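What the coordinates show
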Amino acid sequence: MPDPWQESDVPRGAAYDRRFDELASAGVDVHGEAALVDSYGPGPVLDAGCGTGRVAMELSRRGHVVVGVDVDPAMLDAARAKAPGLSWVEGDLTDPDFDPGRTFDTVVMAGNVLIFVPPGTEGRAIANAARWLVPGGRLVTGYSIRPGGFGPPAHDALAARSGLALEDRWSTWDRRPFAPPGRYAVSVHRREA
Ligand SMILES: C[S@@+](CC[C@H](N)C(=O)[O-])C[C@H]1O[C@@H](n2cnc3c(N)ncnc32)[C@H](O)[C@@H]1O
């Protein structure tokens, strides 16, 4: 099965972080994901596909209990080096047997996580997220939309199958309007209360 993350040339570990450090130095707001999640309140968050931990660390700084999960040990090593006191777990979001050990108010998949899982396994990642959410909890995702690739219509259908209803969709993390087909989608799906 093709694995878009393993096949991608996205920099790993410290090199991944350097890109965001450069953006931050240039005055770009690199915490849009954390700000959006934080706007829903102070509850526990699973940073699913946490990479080097940039979103989880910012959420922790804002007072959230966070757990970061990722399948790539090189990304997790960078997260552990920066924030050894936080909870970092190696795991595959598409594995139906993977259990992060608790439930969460929010599961966030930032940075294209849903298009980096092998094509055809997005529904398993969404179903897992639904299982890990408390009633009324939210799955917050952000990914690029490419012609013929995974996108909002398939996403909404898979979410509905797992008991998650679309609450909001924007084109950016700072809530600019989304117009289909769109180039980037930030989606918020909510589990029934
Ligand atoms: C571009 S990085 C985004 C990292 C982080 N969320 C951020 O926004 O900085 C995509 C991440 O998804 C992770 N990933 C891809 N497939 C995964 C899977 N099946 N289970 C867990 N993590 C996965 C990769 O290891 C990688 O760290």
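Look above for the structure.
Here we summarise the structure given alongside this text. (Residues numbered from 1 in each chain as written. Predicted model: local features only at pLDDT ≥ 70, side-chain atom pairs only at ≥ 80, totals over all residues. Heavy atoms only, no water.)

**Topic: the overall build of the protein chain**
The test is simple: The numbering of helices and of strands both runs from the N terminus, where a helix is a DSSP run of H or I of at least 4 residues and a strand a run of E of at least 2. Only protein chains enter the calculation, and the probe is 1.4 Å; a residue is then buried if its accessible area is under 20% of its type maximum, exposed if over 50%, and partly exposed in between. Throughout, a contact is declared for two residues whenever any of their heavy atoms are within 4.5 Å. Charge assignment in this entry is limited to Lys and Arg as positive and Asp and Glu as negative, and neither His nor the chain termini are counted. A charged residue contributes its charge at one atom only: NZ of Lys, CZ of Arg, CG of Asp or CD of Glu.
When you go through the protein chain residue by residue, the secondary structure sums to 8 helices and 7 strands. Burial analysis of the protein chain (193 residues in total) assigns 50% to the buried set. Looking at the protein chain alone, contacts between residues at least 24 apart form 66% of all its contacts between residues at least 6 apart. Across the protein chain, the mean location of the 20 positive side-chain charges is 4 Å away from that of the 26 negative side-chain charges.

**Details of the site of the ligand**
Let me state the cut-off plainly: Nearness of a residue to a molecule or strand requires only that one of the residue's heavy atoms be within 4 Å of it. Whenever a nitrogen or oxygen atom comes within 3.5 Å of another N or O atom, the pair is scored as a polar contact, on the condition that within protein one atom can donate a hydrogen and the other can accept it, and that pairs from neighbouring residues in sequence are kept only if both atoms are in side chains. We get accessible surface area from the Shrake-Rupley algorithm with a probe of 1.4 Å; when it comes to residues, only the shown protein chains can shield them. A 1.4 Å probe that fits into a set of points on a 1 Å grid over the protein atoms alone but cannot get out defines a cavity; an open set with protein on both sides within 12 Å along at least five of seven lines defines a pocket, and lining residues are those with an atom within 4 Å of a point. A pocket or cavity is taken to hold a molecule when more than half of that molecule's atoms are within 2 Å of the pocket's grid points.
Neighbouring the ligand are 18 residues, the closest being Tyr16, Gly49, Arg54, Asp70 and Asp92. Here a nitrogen atom of the ligand sits 2.7 Å away from a polar atom, N or O, in the main chain of Gly49. Separating a nitrogen atom of the ligand from a backbone N or O atom of Leu93 is a distance of 3.0 Å. Taken by itself the ligand offers 590 Å² of open surface, and the protein chains cover 97% of this. Placement of the ligand is best described as lying within the largest pocket.

**Observations concerning the side chain of Arg138**
If you trace the backbone, Arg138 turns up in strand 5 (residues 133-144). For Arg138, the side chain forms a polar contact with the side chain of Glu167, separated by 2.7 Å.

**Topic: the environment of Gly142**
By secondary structure assignment, the location of Gly142 is in strand 5. When its relative accessible area of 1% is taken as the criterion, Gly142 is described as buried. Residues Gly142 and Ala110, spaced 32 residues apart in sequence, show a C-alpha to C-alpha distance of 5.1 Å. Contact partners of Gly142, with chain neighbours within four places excluded, come to Met109, Ala110, Gly111, Asn112, Val113, Trp173, Tyr184, Ala185 and Val186.

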